[in-house]
Structures are given as structure tokens and as C-alpha cells.
Amino acid sequence: MVKNFKGLLALYLITLLFSSSAFSQNVLDDLGGGASAAAAPDLAVEKVEKISQSKRIFIITNSNSSFDKGDFISLLLDAKLAARALVAKTTESGVAGIKITKIYSLALWKQLRDGLEVQVLRGDDSYYKLKRDEAKKSDENEGIIKSEEDLFNETSLLEDDLSLEENSNRIIKQDNVVSATMASIEGIDNDGSSQRYTQFNVHWAYQLEDNIWAEFSYGQNIIDDFPNPGLQTKMTNITLRAKYTISAPFFSYVQPYIGYQIVGASAPGAGEEDPDNPDIDLDAELNRLEDLKKSNVIFGMTILKRLVPGWFIRGDLGSDIIGVGFGLEF
């Protein structure tokens, strides 16, 4: 009886052991199958509107309202991670400013450009995470932003070269343009006939409202042997202009303007007797100097042709001067 009982007990234990093992295996199989069958996160498709010169700030569309200010998002190309970003600003017009915090793939990063459609993933991107060593290599090669800690440096969205609502209607986004030009300005010669002189001018333009500018210009040149031989006259040119910017092809801008010009002239020794030239008509000498001076309303246009970001070739064609030079926006 005891012997039979021991046999039955042994058979029961063996059966229980195999059943537990099979059950555990089934549970692990179920868990493994569930993990492998996880669905890929949904990706929104948006367009890159503009990229800053530093490539730290992007303006992208948010037409699907798939993310909000303060969200971390990932940018993907063909379902491959390119970069990680923080949403710094959103607008009601359906665009957002994002700040790049990490670069996953240098090759994909280089493909990002204005007008490109990208896939956007909000929140956790571990499903698409690249290998750590590949991501680290991209960071080291790029050398721009290596971690999310870079978000908390002194550079902010508003200090970069892009903005959203503030400059949305501006053709030239910056508020200031300074320029230097060599110009031809109209004057007179010693017999009173019209004469053009080469003059160096500097200009400072400030954007008062969207595409509406106020510009101050100063020019100066020296005229030899005027108003009589042996004398030198300093000719100055001060202008104030109101300008409006119109976009033109080939990254160019046309700025029609109207303004006011004051031309001055001074000649040390003019009107004073010269023992070496006692026959000089001093009154005529002073009259010629006064005839060089003028003040009048001016009109014309300025043409700006962008060379590289921030720099322009500038041309002026107006009733005050005809000139060419270079300009810098900031």
C-alpha cells in the first residue's frame, strides 16, 4: 500500500513539473509575441518652412496639431530618425518654431532643407531609436548640439535669426541694413555748368513697420580747383528717405523711395584775397560755392541683391545719387 502510494506521488510530481514548465514557456511566448507585435507609433507629415543660419532653429508646419509648445518631438525621413527637438513656440496660423536638441543621423540631417516634408513623432521615439554608437558618432561629427542640456544656454528662439508672428509679413526679416556705396552726385564746375562728382556714401536703414523703412545717408567728397584754381571744396550730402520693400526675382528686393536731400559745400580760403591772384572775382567765387549747395525733394529706388545670408549688393538710382556698393542686415 505504501509502495503504491509512493509511486503515485512520484508520478504526480513529475506531471506537475512538466506542466509548470510548459505553462511558463507559454507565458513567455505570449509576452514575447506581444512585444514583437507592437504597432509602430503614428507619424504626422509636416513641411520645413525655414531653417536658421545656425541650423538650430526650424520653422515647420503644424497643420495636424500633432504637437504643442513644450513637447519633445523627433524628425524622421523615411521612418528613420534624423533629429530630436523641443517645440519652443506655436502659432494659430499652423506653424511652429522648434529648437534642435540632438542629431541622430548626420546623413539624414544634411538632407533637411526648406520646403522638405518630414515625419514628426511626438514624445517617446524609442521604437525608431538608432544604435547608440551611431547616434554618438553623428553628434561628435556634427559638433553643433550634443545634448538636451544645450537648451538651457543663453541662446533662445528670439535671439536666433528666425521668428514667427513678429516678422511673418516682412520681406526682409531683420530691422537694420547698413550699406556703403560709391556714387555719382550732380554738382557744378567753375563755369557754372553741370558736373558729376564721385562721392563715398554710408547708409543706415531701419524697418519701422513691415516693409516700410526710414533711411539716413551721409556722403562726402573733395573737389579740387573749385570754386577757383588752387582751392579745395568739401561737398557733403545728407539725405533722409522713406522706402518700401518689394520682392523681386533672383533673391532681390526693390525699394522705391522719396525723401529730402541737403547738399553742403565749404572751401577754406574762398572769398579771401590772394596776393598771388589779385584779379580773382571774390564775389563770383562765393557765388559758385553757394550755387553748389542745394536742398530739395528726391525720389528714386534702391535695389538689393542677396549674395549670402546677411549680405547684399546694393544699387541706387535716383535724383540724388547713382551708386553701387554692399549692404549688411542685422
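Residues numbered from 1 in each chain as written. Predicted model: local features only at pLDDT ≥ 70, side-chain atom pairs only at ≥ 80, totals over all residues. Heavy atoms only, no water.

Assignment of secondary structure puts tyrosine 218 in strand S9 (residues 212–224). Along the chain, tyrosine 218 and isoleucine 262 lie 44 residues apart, while their C-alpha atoms are 9.8 Å from each other. Excluding residues within four positions of it along the chain, tyrosine 218 makes contact with Phe200, Asn201, Val202, Thr236, Asn237 and Ile238. A distance of 2.8 Å separates polar atoms of two side chains, one belonging to tyrosine 218 and the other to glutamine 220. (Helix = DSSP H or I, 4+ residues; strand = E, 2+ residues; numbered from the N terminus. Contact = heavy atoms within 4.5 Å. Polar contact = N/O pair within 3.5 Å; in protein donor to acceptor, adjacent residues only side chain to side chain.)

All right, on to unusual backbone geometry then. With the exception of glycine, the majority of residues adopt a negative phi angle, and the majority of peptide bonds are in the trans configuration. The step from phenylalanine 226 to proline 227 runs through a cis peptide bond, and the omega angle for that step is 10°. As for its placement among the helices and strands, proline 227 is situated in the loop between S9 and strand S10 (232–244). Backbone geometry places aspartate 78, a non-glycine residue, at a positive phi of 55°. Note on placement: aspartate 78 falls in the loop between strand S3 (72–77) and strand S4 (80–90).

Membership of the largest hydrophobic core comes to 23 residues, with the highest contact counts inside it found for Phe58 and Ile73. Of all the secondary structure elements, the ones that give two or more residues to this core are strand S1 (44–51), strand S2 (57–61), S3, S4, strand S5 (95–103), helix H2 (106–111) and strand S6 (117–122). Setting aside residues up to four positions removed in sequence, phenylalanine 58 forms contacts with Val48, Lys50, Ile51, Leu75, Ala96, Gly97, Ile98, Ile100, Trp109 and Leu112. Core analysis: the next-biggest nonpolar cluster, separate from the first, contains 15 residues, Ala183, Met235, Ala265 and Ile321 among them. (Core = buried A, V, L, I, M, F, W, Y, C linked by side-chain atoms within 4.5 Å. Buried < 20%, exposed > 50% of the residue type's maximum accessible area, 1.4 Å probe, protein only.)

This part takes up the side chain of aspartate 71. One can find aspartate 71 in the loop between S2 and S3. Overall, the relative accessible area of 15% leaves aspartate 71 in the buried class. A polar contact of 3.0 Å, which involves the side chain of aspartate 71, links it to the side chain of arginine 122. With sequence-adjacent residues up to four places away left out, aspartate 71 is seen in contact with Ala85, Leu86, Val87 and Arg122.

Summarising the model, the chain shows a mean pLDDT of 80, and 75% of its residues fall at 70 or more. For residues 16–37, every residue scores under 50 in pLDDT, and the model assigns this stretch zero contacts once sequence neighbours within four places are set aside. (pLDDT = per-residue confidence, 0-100.)

We now examine the sheet that holds S6. Spatially, the six strands close up into a barrel ordered S1-S2-S5-S4-S3-S6, and their pairing is antiparallel. Direction aside, neighbouring strands of the sheet carry axes that sit 45° apart on average. In this sheet, S2 lies alongside S1 in antiparallel orientation, the contact comprising three bridges. Each residue of the ladder has a partner; that of valine 48, found in S2, is isoleucine 60. (Pairing = 2+ DSSP bridges. Axes fitted to C-alpha atoms, helices over the stretch in contact; angles between N-to-C directions.)

All right, on to the pairing of S1 then. Sheet topology places S1 next to S6; four bridges connect them, and they run antiparallel. For alanine 44, the partnering residue across the bridge sits in S6 and is valine 120. Between S1 and S2, which pair antiparallel one after the other, the connecting turn spans five residues, and lysine 55 there sits at a positive phi close to 60°.

Now for the packing of aromatic side chains. Aromatic ring pairs are described here by two measures, namely the spacing of the ring centres and the angle between the planes. Across all of its chains, the model carries three aromatic pairs by this definition. Ring geometry for phenylalanine 58 versus tryptophan 109: centroids 5.7 Å apart, planes at 40°, classification tilted. With phenylalanine 58 in strand S2 and tryptophan 109 in helix H2, the pair connects residues that are 51 residues apart, well separated along the chain. Taking the relative accessible area as the measure of exposure, phenylalanine 58 reaches 0% and is therefore buried. Residue placement shows arginine 241 over the ring face of tyrosine 257; its charged tip is 4.5 Å from the ring centre. (Phe/Tyr/Trp six-rings, centres within 6.5 Å; stacked < 30°, edge-to-face > 60°. Lys NZ or Arg CZ within 6 Å of the ring centre and 35° of its normal.)

With that out of the way, let us pick up the environment of aspartate 189. Summarising the element assignment, aspartate 189 is placed in the loop between strand S7 (176–188) and strand S8 (194–209). What makes aspartate 189 buried here is its relative accessible area of 19%. Aspartate 189 sits 37 residues away from phenylalanine 226 along the chain, and the two C-alpha atoms are 7.1 Å apart. For aspartate 189, the contacting residues outside a window of four places in its chain are Gln195, Tyr197, Phe226 and Arg288. In terms of polar contacts, aspartate 189 uses its side chain to reach the side chain of serine 193, at 2.8 Å.

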